Amino acid sequence: MRKLFIAGNWKMNLLRSSSQELLAKLKGSLAAIDQVDIAVCPPAVYLSDIAQVLAGSNIGLGAQNVYSQPEGAFTGEVSCAMLLDVGCRYVILGHSERRAIFGETDALVNEKLKAVLAAGLTPIVCVGETLQEREAARTLEVVGSQCRGSLAGLSLDHMEQTVLAYEPVWAIGTGKTATPAQAEEVHAEIRNLLATMFSPAVAQKVIIQYGGSVKPDGVADILSQPNIDGGLVGGASLKADQFISIIEQAAKIKK
Ligand code: PGA
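Here is a short report on the structure shown in this document. What you see is a predicted model, and the numbers here were worked out from it, not measured in a lab. (Residues numbered from 1 in each chain as written. Predicted model: local features only at pLDDT ≥ 70, side-chain atom pairs only at ≥ 80, totals over all residues. Heavy atoms only, no water.)

### Some thoughts on the site of the ligand
Here is step 1: Inspection of the region around the ligand gives 14 residues, with Lys 11, His 95, Glu 167, Gly 173 and Ser 213 positioned closest.
Here is step 2: Between the ligand and Lys 11, the relevant distance is 2.7 Å, taken from an oxygen atom to a side-chain nitrogen or oxygen of the residue.
Here is step 3: Between the ligand and the protein, one listed contact pairs an oxygen atom with a backbone N or O atom of Gly 235 at 2.8 Å.
Here is step 4: Out of a free accessible area of 280 Å², the ligand has 96% covered by protein chains.
Here is step 5: Per-class residue counts for the shell around the ligand are five nonpolar, seven polar and two charged. (Near = heavy atom within 4 Å. Polar contact = N/O pair within 3.5 Å; in protein donor to acceptor, adjacent residues only side chain to side chain. Areas by Shrake-Rupley, 256 points an atom, 1.4 Å probe, with all protein chains shown as cover. Nonpolar A, V, L, I, M, F, W, Y, C, P; charged D, E, K, R; others polar.)

### Some thoughts on the packing of helix H5 (residues 106-119) against helix H7 (residues 139-150)
Here is step 1: Relative to each other, H5 and H7 sit at 45°, their axes nearing to 8 Å. Between H5 and H7, the interaxial angle falls into the category oblique. For the pair H5 and H7, contact is made by Asp 106, Val 109, Asn 110 and Leu 113 and by Ser 145, Gln 146, Gly 149 and Ser 150, respectively.
Here is step 2: Of the residues in the contact of H5 with H7, the class split is two nonpolar, five polar and one charged. (Axes fitted to C-alpha atoms, helices over the stretch in contact; angles between N-to-C directions. Helix = DSSP H or I, 4+ residues; strand = E, 2+ residues; numbered from the N terminus. Parallel < 35°, antiparallel > 145°, perpendicular 65-115°, else oblique. Contact = heavy atoms within 4.5 Å.)

### Remarks on the sheet that holds strand E7 (residues 208-211)
Here is step 1: Here we have eight strands rolled up into a closed barrel, ordered E1-E2-E3-E4-E5-E6-E7-E8, and parallel in their pairing. Neighbour to neighbour, the strand axes of the sheet diverge by 25° on average, direction disregarded.
Here is step 2: Where strand E3 (residues 59-63) and strand E4 (residues 90-93) come together, two bridges link them in parallel fashion. Paired with Gly 62 across the bridge in E4 is Tyr 90.
Here is step 3: The strands that helix H2 (residues 47-54) touches are strand E2 (37-41) and E3; relative to E3, the one it contacts most, it runs at about 170°.
Here is step 4: Set on the sheet, helix H12 (residues 240-252) makes contact with strand E1 (5-9), E2 and strand E8 (230-233); between it and E1 the angle comes to about 170°. (Pairing = 2+ DSSP bridges.)

### With respect to the packing of helix H1 (residues 16-30) against H12
Here is step 1: In contact at an axis separation of 10 Å, H1 and H12 are set at 30° when each is read in the N-to-C sense. Relative to H12, the element H1 lies roughly parallel. Between H1 and H12 lies a crossing of right-handed hand. Here H1 contributes Leu 22, Lys 25, Leu 26, Ser 29 and Leu 30 to the contact with H12, which in turn contributes Ala 240, Phe 243, Ile 244, Ile 247 and Glu 248. (Left-handed = near helix turned anticlockwise from the far one by under 90°.)

### Observations regarding unusual backbone geometry
Here is step 1: A positive phi angle is found at Leu 14, which is not glycine, with a value near 75°.
Here is step 2: In this structure, Leu 14 sits in the loop between E1 and H1.
Here is step 3: Classification of Leu 14 as partly exposed rests on a relative accessible area of 23%.
Here is step 4: If you check the backbone angles, Ala 137 has positive phi at about 60° while not being a glycine.
Here is step 5: Mapped onto the elements of the fold, Ala 137 is located in the loop between helix H6 (131-135) and H7.
Here is step 6: For Ala 137, a relative accessible area of 70% gives the class exposed. (Buried < 20%, exposed > 50% of the residue type's maximum accessible area, 1.4 Å probe, protein only.)

### Concerning the layout of surface pockets
Here is step 1: Taken as a whole, the largest pocket spans an internal volume of roughly 600 Å³.
Here is step 2: Lining the largest pocket we find 23 residues, and of these Pro 43, Ala 44, Gln 64, Asn 65 and Arg 98 sit closest to its centre.
Here is step 3: Looking at the lining of the largest pocket, the elements that each hand over two or more residues are helix H3 (80-85) and helix H4 (96-102).
Here is step 4: The dominant element in the lining of the largest pocket, judged by the number of residues it contributes, is H4, at four residues.
Here is step 5: Among the residues making up the lining of the largest pocket, the classes are represented as 14 nonpolar, five polar and four charged. (1 Å grid on protein atoms, 1.4 Å probe; cavity = no way out; pocket = protein on both sides within 12 Å on 5 of 7 lines; lining within 4 Å. Points joined across faces, edges and corners; volume = space filled by probe spheres on them.)

### Regarding helix H9 (residues 180-197)
Here is step 1: For H9, which comprises 18 residues, the first-to-last C-alpha distance of 25 Å matches the rise-based estimate of 26 Å (1.5 Å per residue) to within 8%.
Here is step 2: Turning to H9, its buried residues number three or more, namely Ala 183, Glu 184, Val 186, His 187, Ile 190, Arg 191, Leu 193 and Leu 194. (Expected span 1.5 Å × (residues − 1).)

And the structure:
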């Protein structure tokens, strides 16, 4: 059985005071939930402060990016050891915004992924097609190629510890969620690919989140799909009532 995992990707949003208000509400409302793994991924500058706020709670802390090298002359970057040092457990890798705006390739995501796993952090590796690619019926080809490139050379153990997030680019921040059937089709295909690349047993254990305009409305249908194991939530994770509702609905799902 895979435990559902809901993570909030705050992106470049919220300042100190608004994030503290949000966290206070989340901690207050979610304390009793143990059926779902929960995480928030704030901007890097606030990770250290937020780790203190979340200490002892059931809400894990994640970063939105990391660099692959252990230390050195890499202006503007942070290392896995730094993330661990401030209390992070998760790190998002290869988000479509990093791929599209900052030019991250599958090869770079793969390099970062290996560093993250070696450090003992849990990666959330994002894949997903653009609208143009979906309309050209290339979704499975594009997502398959991103998976093969990003996950190349991982050991079975490391693959098992990796979380994937299928995020169709056309659904991110647009209010257009993939239908449960559209998402399930891609999730099932990713799991088949993992069975081929790694092993059927490993494929059954990997958590594959869905992301792209996840909102309280409709989330139960998405999360009830057999191959969808949680959500990577952007906009709705900035609103306490919405993020709480998503997690409360997830906690009621029986598969
Ligand atoms: P969204 O973002 O929920 O605002 O669409 C999801 C993501 O980019 O991870």
